Amino acid sequence: MGSFSLHASCLAKPKLPWSNDCFQNLNSLKLPALQRRPKFHSRKASKVLAFYGLKSPPYKLDALEPYMSKRLLETHWGEHHHGYVEGLNKQLEKSDILYGHTLDELVKVTYNNGNPLPEFNNAAQVWNHDFFWESMQPGGGGMPELGLLQQIEKDFGSFTNFKEKFIEAALSLFGSGWVWLVLKRREKRLEVVKTSNAVNPIVWDDIPLISLDVWEHAYYQDYKNDRGKYVNAFMNHLVSWHVATARIIHAEAFVNLGEPNIPVA
Amino acid sequence: MALRTIASRKTLAALGSGLRAQARLATAAAGAYSRGLVTFSLPDLPYDYGALEPAISAEIMQLHHQKHHQTYVTNYNKAVEQLVDAMAKGDAPAVAKLQSAIKFNGGGHINHSLFWQNLTPIHEGGGEPPKGLLGWAIDTDFGSLEALVQKMNAEGAALQGSGWVWLGLDKDFKKLVVETTANQDPLVTKGANLVPLIGIDVWEHAYYLQYKNVKPDYLKNIWKVINWKYASELYEKECP
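Overview of the structure. (Residues numbered from 1 in each chain as written. Chains lettered and ligands numbered in written order. Predicted model: local features only at pLDDT ≥ 70, side-chain atom pairs only at ≥ 80, totals over all residues. Heavy atoms only, no water.)

In terms of helices and strands, chain A carries 10 helices and 3 strands. Counting from the amino terminus, helix and strand elements in chain A follow one another as α-α-α-α-α-α-α-β-β-β-α-α-α. Residues counted as buried form 48% of the 265 residues belonging to chain A. Counted over contacts in chain A with a minimum sequence separation of 6, partners at least 24 positions apart contribute 71%. A total of about 13,600 Å² of accessible surface is found on chain A, and carbon and sulfur atoms cover 54% of it. (Helix = DSSP H or I, 4+ residues; strand = E, 2+ residues; numbered from the N terminus. Buried < 20%, exposed > 50% of the residue type's maximum accessible area, 1.4 Å probe, protein only. Contact = heavy atoms within 4.5 Å. Areas by Shrake-Rupley, 256 points an atom, 1.4 Å probe, with all protein chains shown as cover.)

The structure is reproduced here in structure tokens:
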């Protein structure tokens, strides 16, 4: 296996379901000179680039109609999200130290404990949008079930109370940002959290379960200035409680939500 | 009880007039005066919604004015009313909690009131370069009008999230400055001595329906409808 020197442009095309992490590992393989095969194409120096690909949403772009139009998704994913990926790759080309990270790691590293590096905005927005597409599904909305519902009822009183809090957070967020249902790692409870611009809960080591993009570009084409209608459409028809459940199940491997069951001798 | 009402009326009159001075508008923006409370209303545009085409579409102008600006005005009035109640009751936590709503909505009203005056149709002089004292000051402080435009466009394009890019006047040093503010923060939050001459809204709602995510195109085109005459008036008021 030779060293790869793929052009960034091939992989930045939409609709290719490359996994970001898989790609990173391939790129950081360093093989002895004997095993390097002659390259078929470019004779240019094989500068190994650390870069990331554009993940496509887990549904077709028209699947969320009429609550989120194909036209909006084409712009939001194809232009904004794609733009963040391209911007990030361009920035990383010039960086000597930000190399070989998974996207999660890159977000935390560039956040730099509250003093973000220039790459943070692009890295975090790539991560945020990946997370956001996966937080929605066609035929979403409704209510969670079983364990997740129990946890919500425990931490918010009732599902209705949680829903009100989430919607209120979305409507009272000034400017651009995101609203999250988050599992706080240290407090071991669910909370609704608002963040500005590109910030997300993983920089504080918390575990988000669902997110809602309230940057104006996320809803303007469909709802114009009516953020309330957008938020309601999200809660009632788009949010994927299946994904949220999968995420909290995964989180329970790292956060102990129940009371420890210590046997008495 | 009566004394408290008078006190709050005075404070609010001062607040109202202070804000009006900052907005620099002798408009019908300040409206009713009832219950010791100055409330604000949406100022009219000095031109039709379609008058700034093709730089800014009529659809955007209408939404921006009738929906966004109106919301800021409404919510600002509501917040101020709640503030007066909280102050009257001596409810300090409520007073503190309302500050962000007042800053956001009040700032939105101030900024947009100036913004409508900063724009004018091409046939009424939109885009015509500034002459006189302001033109001279721009050449002195930035080298040329093109350099200023380039700087403001670069700062506007680089601004992450929502905010404004400003051409301001530093009253104390009599120098022109280019600044950005986040969300609806007025220019004065960057310095009490700063007077806004031109503000460019770079919130997505200001350009999205027409330019989508291509903010640089919006910034390039808006200069065609910038009202330099008004900016010159503001400048000459401070630096005669």
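This part is about the interface of chain A and chain B. Put simply, an interface is often sized by how much accessible area is lost when its parts join up. Contacts between the two partners involve 15 residues from chain A, matched on the other side by 18 residues from chain B. Interface area, chain A with chain B, both sides summed: about 1,700 Å², of which 56% is carbon and sulfur. Ranking the residues of chain A by area buried against chain B places Phe174(A), Glu216(A) and Tyr220(A) at the top, with a combined share of 37%. Across the salt bridge formed by Lys224(A) and Glu59(B), the nearest N and O atoms sit 3.8 Å from each other. Taken together, chain A and chain B are joined by 7 residue pairs in polar contact (both at pLDDT 80 or more). Taken together, the elements giving at least two residues each to the side of chain A that touches chain B come down to helix 3 (70-93) and helix 8 (220-223) of chain A. (Buried area = accessible area lost by both parts, 1.4 Å probe. Salt bridge = Lys/Arg side-chain N within 4 Å of Asp/Glu carboxyl O. Polar contact = N/O pair within 3.5 Å; in protein donor to acceptor, adjacent residues only side chain to side chain.)

All names here are of chain A. The 3 strands are arranged 2-1-3 in an open sheet whose pairing can be described as antiparallel. At either end of the open sheet lies a strand with only one pairing partner, and these are strand 2 (189-196) and strand 3 (207-213). The average angle at which neighbouring strand axes cross in this sheet is 20°, direction not considered. Bridge count between strand 1 (residues 177-184) and strand 3: 6 bridges; the pairing is antiparallel. Opposite Val182, over in strand 3, you have Pro208 as the bridge partner. (Pairing = 2+ DSSP bridges. Axes fitted to C-alpha atoms, helices over the stretch in contact; angles between N-to-C directions.)

In this section: the sheet that holds strand 5 (residues 194-201) of chain B. Strand pairing within a sheet occurs via backbone hydrogen bonds; the two strands may be parallel or antiparallel. All names here are of chain B. Across the sheet, which stays open at both edges, the 3 strands sit in the order 4-3-5 with antiparallel pairing between neighbours. Two strands lie at the open edges of the sheet, namely strand 4 (175-182) and strand 5, each paired on one side alone. Strand-to-strand twist in this sheet, taken as the mean axis angle between neighbours without regard to direction, amounts to 25°. In the sheet, strand 3 (residues 163-170) pairs with strand 4 via 8 bridges, with the strands oriented antiparallel. In the sheet register, Gly168 faces strand 4, and the bridge partner there is Val177.

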